[in-house]
Amino acid sequence: MSAAPPPIEVLAHGTPQSGPPLSDADQALLEAEARFAEEHRGHEKQHATMALILIMGLIISQLGILVWKKYHIKSFQLATLLGLWIVPPIMGFQAGNMRYVFVWVLFSLANGWIVRMALQNPMQSVTPRLVYKWYTWVYNLSYGIGVVGYVVVLLSFFHIPVVVGIRMETEIKFFETGVILLFYGLYFGTLSRDFVERLSDRMATTMGYYSRTGFPRKHLRSNMCAICGDTTTSDGTADSSQKLHRLGCGHTYHEKCIRGWTIIGKKDSCPYCKEKVDLKAFKKNPWDTSQMLYLNLLDALRYMIVWNPIIFLIIHLVFEISGLK
């Protein structure tokens with residue numbers, strides 16, 4: 001006499017299957033999988049739509065930023081500066097990174113005092129050199145921190161700490177510290193770079209020997225520095241501790257003033273006659289060359305730090321409004 005056939009179980013999606021009875025846990029798992037499949041039915045089409053919106057959003061935003069920058073450069077620079085100053089600390093606060101928020105507050109307080117001095121009208125003759133000295137110090141500090149962070153990240157990437165006997169857990173913390181230092185160096189270097197660029201124009205305009213368009217309000221005498229307004233002499237300067245630098249156009253400036261204007265303030269022309277400045281004259285050693293490369297890197301990071309989070313936030317809001325998940 002033949003054996004009885006095995007019992008037939010019906011899966012959650014209705015397909016019969018022969019075999020031993022399923023346990024309650026297996027049955028619950030199958031039912032959960034069936035519900036998940038039902039809830040996400042047609043999501044492949046949604047994902048394709050979301051990818052299309054993302055690509056189009058990135059293309060349109062790039063074109064919009066290029067047009068804005070071309071036709072309204074001043075408002076674009078101001079919006080970029082405000083975004084660079086405000087967006088990252090908001091994100092840091094939401095992420096609970098209070099250490100970064102604390103450092104940002106300290107920087108903002110000290111930087112606010114410098115900005116207040118630079119915006120005074122009339123302005124003291126020592127203010128430009130003080131402003132450039134502050135941003136040079138911030139730049140050098142951020143540069144050093146960024147280099148240390150980069151070296152730490154590089155050593156961790158090649159597992160050098162493990163090779164010399166450091167545990168893997170310690171190497172991971174070592175790597176995280178390097179990333180934090182690299183971010184601090186790049187962020188505060190970029191932020192101070194944008195501040196000093198705008199303040200350079202404002203201070204030079206206030207001094208009266210510079211104008212973005214048209215002619216300056218004041219005539220520059222041969223023994224005057226157009227950046228700080230202090231006098232110079234034919235054989236040096238009234239203060240022998242201050243060196244002078246003569247540009248190709250014939251105008252003479254305090255070396256600290258003109259280096260601040262060109263290297264720190266990102267200007268490539270004489271503030272009085274607007275003739276192009278040979279920036280190679282300011283590269284006295286390999287350190288100056290590396291500074292120029294680092295400054296160019298800071299300029300490239302501005303878009304990534306400021307506009308990328310805003311663009312992705314707008315795209316996320318579009319997803320939410322459209323009901324895409």
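Note that the coordinates shown come from a computational prediction; the quantities given were computed from them, not determined experimentally.

**As for the pattern of salt bridges**
Counted according to the given criterion, the structure contains three salt bridges. Where Arg 129 meets Asp 230, a salt bridge forms, and the shortest distance between an N and an O atom there is 3.1 Å. Here Arg 129, found in helix 5 (residues 127-157), pairs with Asp 230, found in the loop between helix 7 (168-207) and strand 3 (232-233); they are 101 residues apart in sequence, far enough to count as distant. Judged by its relative accessible area of 24%, Asp 230 falls in the partly exposed class.

**A look at the UniProt feature "transmembrane region" (unreviewed entry) in the protein chain**
Sequence positions flagged by UniProt for "transmembrane region" (unreviewed entry) are, in local numbering, residues 48-68, 101-119, 140-160, 172-192 and 300-319. Along residues 140-160, the helical share is 90% and the strand share 0%, with 27 Å between the first and last C-alpha atoms. Between the first and last C-alpha atoms of residues 172-192 the distance is 30 Å; the span itself is 100% helix and 0% strand.

**What about the nonpolar core?**
Counting residues in each nonpolar core, the largest one holds 43 residues, and the members touching the most others are Tyr 135, Ile 227 and Tyr 253. Mapped onto this core, the elements with two or more residues apiece are helix 3 (73-94), helix 4 (98-118), helix 5, helix 7 and helix 8 (255-264). Broken down by element, this core gets its largest block of residues, 10 residues, from helix 7. Contact partners of Tyr 253, with chain neighbours within four places excluded, come to Cys 225, Ala 226, Ile 227, Lys 243, Leu 244, His 245, Leu 247, Ile 258, Cys 270, Pro 271 and Tyr 272. By size, the runner-up hydrophobic cluster in this structure holds seven residues, among which are Ile 65, Phe 76, Trp 307 and Ile 311.

**Notes on the side chain of Asn 111**
One can find Asn 111 in helix 4. Taking the relative accessible area as the measure of exposure, Asn 111 reaches 3% and is therefore buried. Side-chain polar atoms of Asn 111 contact the side chain of Trp 134, separated by 3.4 Å. Here Asn 111 is in contact with Trp 134, Tyr 135 and Phe 195, once residues within four sequence places are set aside.

**Quick notes on the side chain of Thr 190**
Looking at the element boundaries, Thr 190 is found in helix 7. In terms of polar contacts, Thr 190 uses its side chain to reach the backbone carbonyl oxygen of Leu 186, at 2.6 Å.

**Some thoughts on the packing of aromatic side chains**
Under the counting rule described, the total for this entry stands at 18 aromatic pairs. Ring geometry for Trp 68 against Phe 76: centres 5.4 Å apart, planes inclined by 80°, an arrangement best described as edge-to-face. Residue Phe 76 is classed as buried on the basis of its relative accessible area of 9%. Three or more aromatic residues link up through ring pairs in this structure, and these residues are Tyr 100, Phe 107, Trp 134, Tyr 135, Trp 137, Phe 183, Tyr 184, Tyr 187 and Phe 188. Above the plane of the ring of Trp 261 lies Lys 267, whose end atom (NZ or CZ) is 5.8 Å from the centre.

**Here's the deal with a nonpolar patch on the surface**
Taken together, the side chains of Val 147, Tyr 150, Val 151, Leu 154, Leu 155, Phe 157, Phe 158, Ile 160, Val 163, Val 164, Ile 166 and Phe 174 make up a nonpolar region of the molecular surface, amounting to roughly 1100 Å² of accessible area. Counting residues per element, the ones that place at least two in the nonpolar patch are helix 5 and helix 6 (160-163). Of all the elements, helix 5 adds the most residues to the nonpolar patch, at six residues. Positionally, Ile 166 belongs in the loop between helix 6 and helix 7.

**Comments concerning the environment of Val 126**
Relative to the helices and strands, Val 126 is located in the loop between helix 4 and helix 5. Its relative accessible area of 42% is what places Val 126 among the partly exposed residues. Between the alpha carbons of Val 126 and Cys 228 there is a distance of 6.7 Å; along the sequence they are 102 residues apart.

**Some points on the confidence of the model for the protein chain**
A residue-level look at the protein chain finds 79% of positions with pLDDT of 70 or above and a mean pLDDT of 79. Across the protein chain, the secondary-structure element scoring lowest on mean pLDDT is strand 4 (residues 236-237), at 42, and the one scoring highest is helix 4, at 94. Ignoring residues within four places in sequence, the model shows residues 8-14, a span with pLDDT below 50, making 19 contacts including any to other chains. Here residues 234-238 is modelled with pLDDT under 50, and outside its nearest four sequence neighbours on either side it reaches eight contacts, counting other chains as well.

The rules behind the values
Residues numbered from 1 in each chain as written. Predicted model: local features only at pLDDT ≥ 70, side-chain atom pairs only at ≥ 80, totals over all residues. Heavy atoms only, no water. Salt bridge = Lys/Arg side-chain N within 4 Å of Asp/Glu carboxyl O. Helix = DSSP H or I, 4+ residues; strand = E, 2+ residues; numbered from the N terminus. Buried < 20%, exposed > 50% of the residue type's maximum accessible area, 1.4 Å probe, protein only. UniProt positions renumbered as here; feature names shortened; annotations may be inferred. Core = buried A, V, L, I, M, F, W, Y, C linked by side-chain atoms within 4.5 Å. Contact = heavy atoms within 4.5 Å. Polar contact = N/O pair within 3.5 Å; in protein donor to acceptor, adjacent residues only side chain to side chain. Phe/Tyr/Trp six-rings, centres within 6.5 Å; stacked < 30°, edge-to-face > 60°. Lys NZ or Arg CZ within 6 Å of the ring centre and 35° of its normal. Patch = residues over 30% accessible without salt bridge, like charges linked within 9 Å, V, L, I, M, F, W, Y side chains within 5 Å. Areas by Shrake-Rupley, 256 points an atom, 1.4 Å probe, with all protein chains shown as cover. pLDDT = per-residue confidence, 0-100.

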